[in-house]
Amino acid sequence: MSDFNTETERTMSLAEKAEEILARRADSLARESAEEEVTDRISLLLFRIGEEWYAVRVSEVREIFQEYRMTSVPCVPDYIQGVVNVRGEILSITDPAKLMKLGFIELEGEVRPPAIVIIKGDVATALVVDEIGDIAEVASEDIEPPVSIIDRAQAEFISGSVHVGEAMVGLINTERMLEPVVTGGRS
Amino acid sequence: MVEFDRSAFIGKFQEEAQDLLQRLNEGVIMLEADPGNRELIDQMMRDAHTIKGSSRMVGLIEIADVAHRLEDIMVKIRDGEMAYTPKMTDFFFEALDAIVFLADNKGVNEGGVLDLQGLQNRLTAVAEGGGSPVVAQAAASAEQSTQAVPAAKPAKKRTKKASKAEAAEPVPEESAAVVVVPAPDVAAHEPGSVKPEAELKSKVQATIRIKTTQVDSLLNLISEVVISQIKAEQRANETRALLGETNDIWQAWLRVKAVLAAVGGEDGLDALEEDINLLDTALGDHRRSVSKFVKDHTEDVSRTSLVVKDLQEQGMRLRMLPANTIFQSFPRAIRDLAKQFKKDINLVIEGGETELDKKVLEEINDPLVHIMRNAVDHGIEDPETRVKMGKPAQGTIWMGARQEGDRIIIEIRDDGAGIDPDKVLASAVRKGYISQAEASAMSPREAMYLIFEAGFSTAAIITEISGRGVGMDVVREFVVEKLKGSLDVESEIGKGTHFKLTIPLTLAIIRALMLRTGGQVFALPTGSIEETLRANPSDILKVEGREVIRRQRRTVPLVKLSDILGVPEHGYEGSKVPIVTIGYSGHRMGFMVDALVGEQQIVIKPLGNHLKKIDNVAGVTILGAGEVVPILNVPDLMTNARTRSGQRMGPVQRTDREGPRKILICEDSFTTRELERSIFEAAGYNVETAVDGAMGLTRLREGLKVDAVVTDVQMPNMTGFELTKAIKSDPTLAGIPVIIVTSLERDEEKAEGIEAGADAYITKSVFNQDTLLDTVEQLIR
């Protein structure tokens, strides 16, 4: 029950945060002409896998959902957990932890892990994560190359790293994560 | 070669011209309303100029000439030398239609169906005479007479006749269909002069052009509505159950009340009397309102249900077009081909008005073209041979479409030489598809289906159809895989061949058998299902270590569907084994499942762009209750099942080996890496991966023991060539076979690979599962 409440809170805070950011953005837009501010601001959606925090660009997030019914599909790589019906559209469910060899996201618990639908062009997938965090706004020049200590298995999925408050956050390489899945070996 | 190049560019030109012509056609209409629109005139002039230039580039001089005249007129209008008059509209349309016709026919004014000289003269007259009404009218009447003359000729050849009709209305795509009537007498009435009128009228009808994607998303929403409606109906049933409960409560209350009345007047009950009355009224009211609600709700739901059903039907019809949309191009194509192969052929088309889903039409065109080409090339004999055999000199190809329930049957029949199973077998053995022993075990019918094997008759086909790349195997794939239909062929030597394509009415909805395996429900398209049965376990025989079952004096190999799909085995309930047998290209295979759930219509949904191609899975469907069910892919199932049951000489069974083999894959592309990984894992290997040569080498030097290394060439840090050299020059690693898989396929690059010490070199263009596995297998043997 308490779990559920924190989930609701999280969603609430996410919405509030988004609103706040929009307000701030409107504010800064209004001021822009006066101040000649040139820094590019990028909004990032934070999420947690295990103990680590990661982020995707808000512009690459289509939606977030929590309640869903998953169907497993045979003959897919292990990081594809199945598919889900979102308003008539079929979306794959990707476990980024498995993809990056960081263990796996617990799917069988009492509450479904939240899912973030990432999209680039006409390719989309739902990433299941342990927890969805806030939306953070960072300056584009604050995004650094990926930390060199990260594992090779992860390296290809991380396009950069950035400090958000205290934490170091890995920025997800959406394109890599959305690379089309082909199995069976027949062309 | 020169011929081929040109036709490739003509295709490009046709694409480009289509857009330009569309814009010019619209321009003419707009110009009529707004003759002074300078911007529009400029645009039209440029478009005509572009058509002139590019048609000349690809050698379509006739088009260039017409476009040139158009451009001349536009220049004069632009420069104010003449004004646009509505009279010009007709000439513009005539010119544009002529260009469309020529573009569609690769610039050939076959049989002189167009009066090009007359058109040129008329356009010149317009350009010079400033569009004087007198010239225009004279020209118009001249044009009509040229059209009337050929049509008035007695119709000897129907195919020719048909193309006249076509030429009389060379309006592309949405033009009314050309119906080729089979009886020659009927063909005497006048398509040439009557049609354009009808055509004109039908065009005036209110139509809107809508993007197909918009229609598709609408249909997607409709199928969601259908699903919601099914849910609503279930809810209605539940409320009826509630009403039943309410009635039970009411009955119980009546009994309680009667008892209370009987014991009335005793102590203590008086105090309750008020409450009893209150409860009585409340329960009565409640029962009435629940009853009314359930009644109203049920009515609402059933009314909506009718509307939704209508909505679904009308929605599906949005995408339907008559088969003639594609059939009408065949008379001309066949005539051209017949000429090319020096044959005399009569084409009969029936059922062109049968409506099909637009997507089906698009997909079916290439397979049909290919079957037709085969019929002309290999089917119909030359006239002398035919006469010698006692057949009429003119061969007949018959093409027909009809609807049977929820499926469309397209048949192509010829009265030609037929397919000789012995020749097919001989050729298959020669090409190494099957062994002599397998050949002698095949029935004539199975032999015939060999023509659908991948690349079976490539040598004969690739050149012949000028790079289109459609072989009979592709025909089969289109029909079975994309259209979820089935393809049958019957042939009698000397009598002819009969192809029958059975395809679902729409791509969106098919019939499927729902079955359960590994605790999950799957849908199997019924198109290829031969039968379903429940067999006694004692009827399942073991032959050479494989499970088979005898059906109608044939031995059908059996596999467990759960094995093919890699899902956990649950086992069937009861005493009999549920089996589905599938017939695909002359092969039969029985799939053992946990349960057969039932047959129903399903809406196909693609897996989306992320899951681009998943082995054994063709898509998913959403059932009434909202649950998602994977749809199985028949060709994949058959390929995998045959490999597993040992019918294909695949390198998969390696029971004689101790322990699994290990492969190191060095590949920087994620997709290729995962693809290769899945191939090897499916074949029972353990797989290690590295994202570049340097990482691969490090892992090997750290002591990773593998049986072979499969590497890409172009990788960051260390190329595959460098890696190969490093492995081969390290005494502890030199014994490991290295297989280079690359898109570099020039001889020098191959030489470099061999020089580096690679044991095998596979180019990605010929890359497939079997070559890769075969190669590795050979090297580590």
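In case you missed it, the structure is sitting above this.
Time to look at the overall build of chain A. Of regular secondary structure, chain A possesses 4 helices and 12 strands. Looking at the 187 residues of chain A, the share that counts as buried comes to 45%. Restricting the contact set of chain A to residue pairs at least 6 apart, pairs at least 24 apart contribute 57%. Summed over all atoms, the accessible surface of chain A reaches about 9,800 Å², with 50% contributed by carbon and sulfur.

Glancing now at empty space enclosed by the protein. Over the atoms rolls a probe the size of a water molecule, and in doing so it shows where empty space is left. In total, this model carries 3 cavities of 30 Å³ or more according to the counting rule given. Along the walls of the largest cavity sit Val480, Glu481, Lys484, Gly485, Pro525, Gly527, Ser528, Ala618, Leu632, Asn633, Val634 and Pro635 of chain B, which together make up its complete lining. Contributing elements (two or more residues each) for the lining of the largest cavity: α19 (472–482) and α21 (634–644) of chain B. Partitioning the lining of the largest cavity into residue classes produces 6 nonpolar, 4 polar and 2 charged. When residues of the lining of the largest cavity are sorted by domain, at least three fall in each of domain 3 (322–504) and domain 4 (512–644) of chain B. Of the pockets and cavities examined, the second largest cavity occupies roughly 50 Å³. In terms of lining, the second largest cavity is formed by Pro77, Tyr79, Pro180, Val181 and Val182 of chain A together with Phe670, Thr671 and Glu674 of chain B. Of all the secondary structure elements, the ones that give two or more residues to the lining of the second largest cavity are β12 (181–182) of chain A together with α22 (670–682) of chain B.

Next up on the list: the sheet that holds strand β9 (residues 131–139) of chain A. Residues and elements named next belong to chain A. Ordered in space as β9-β1-β2-β11-β10, the 5 strands form an open sheet in which the pairing is mixed. Each of the sheet's edge strands pairs with one partner strand only, and the pair in question is β9 and β10 (158–164). Averaged over all pairs of adjacent strands, the angle between their axes in this sheet comes to 35°, without regard to strand direction. Sheet analysis places β10 next to strand β11 (residues 167–172), joined by 6 bridges and oriented antiparallel. Residue pairing in the sheet places Val162 in a bridge with Val169 of β11.

The next thing to look at is the interface of chain B and chain A. Counting from both sides, the interface comprises 44 residues of chain B and, opposite them, 36 residues of chain A. Buried area between chain B and chain A, summed over both chains or domains, comes out near 3,300 Å², and the portion from carbon and sulfur atoms is 56%. Here chain B is connected to chain A by 0 salt bridges. Seen at the junction of chain B and chain A, the total is 11 residue pairs in polar contact (both at pLDDT 80 or more). Per-element tally for the side of chain B that touches chain A: the top contributor is α22 of chain B, with 7 residues.

All names here are of chain B. Summed over the entire model, instances satisfying the criterion amount to 36 salt bridges over all chains. For Lys292, the salt bridge is made with Asp296, and the minimal N-O distance between the two is 2.9 Å. Of this pair, Lys292 and Asp296 both sit in helix α10 (residues 273–317), 4 residues apart, which is roughly one turn of the helix. For Asp296, a relative accessible area of 28% puts it in the partly exposed group. Among the ionic pairs, Lys495 bridges to Glu492, the shortest N-O distance being 3.3 Å. Judged by its relative accessible area of 46%, Glu492 is partly exposed. One connected set of salt bridges, linked through shared partners, spans Glu381, Arg386, Lys391 and Asp415.

Below, the discussion takes up α22 of chain B. All names here are of chain B. For α22, built from 13 residues, the straight-helix expectation of 18 Å at 1.5 Å per residue is met to within 8% by its first-to-last C-alpha distance of 18 Å. Within the sequence span of α22, burial applies to Phe670, Thr672, Arg673, Glu674, Leu675, Glu676, Arg677, Ile679 and Phe680. With its phi angle positive at about 95°, Gly684 sits one or two positions after the end of α22.

Cut-off values and rules
Residues numbered from 1 in each chain as written. Chains lettered and ligands numbered in written order. Predicted model: local features only at pLDDT ≥ 70, side-chain atom pairs only at ≥ 80, totals over all residues. Heavy atoms only, no water. Helix = DSSP H or I, 4+ residues; strand = E, 2+ residues; numbered from the N terminus. Buried < 20%, exposed > 50% of the residue type's maximum accessible area, 1.4 Å probe, protein only. Contact = heavy atoms within 4.5 Å. Areas by Shrake-Rupley, 256 points an atom, 1.4 Å probe, with all protein chains shown as cover. 1 Å grid on protein atoms, 1.4 Å probe; cavity = no way out; pocket = protein on both sides within 12 Å on 5 of 7 lines; lining within 4 Å. Points joined across faces, edges and corners; volume = space filled by probe spheres on them. Nonpolar A, V, L, I, M, F, W, Y, C, P; charged D, E, K, R; others polar. Domains from an automatic or database assignment. Pairing = 2+ DSSP bridges. Axes fitted to C-alpha atoms, helices over the stretch in contact; angles between N-to-C directions. Buried area = accessible area lost by both parts, 1.4 Å probe. Salt bridge = Lys/Arg side-chain N within 4 Å of Asp/Glu carboxyl O. Polar contact = N/O pair within 3.5 Å; in protein donor to acceptor, adjacent residues only side chain to side chain. Expected span 1.5 Å × (residues − 1).

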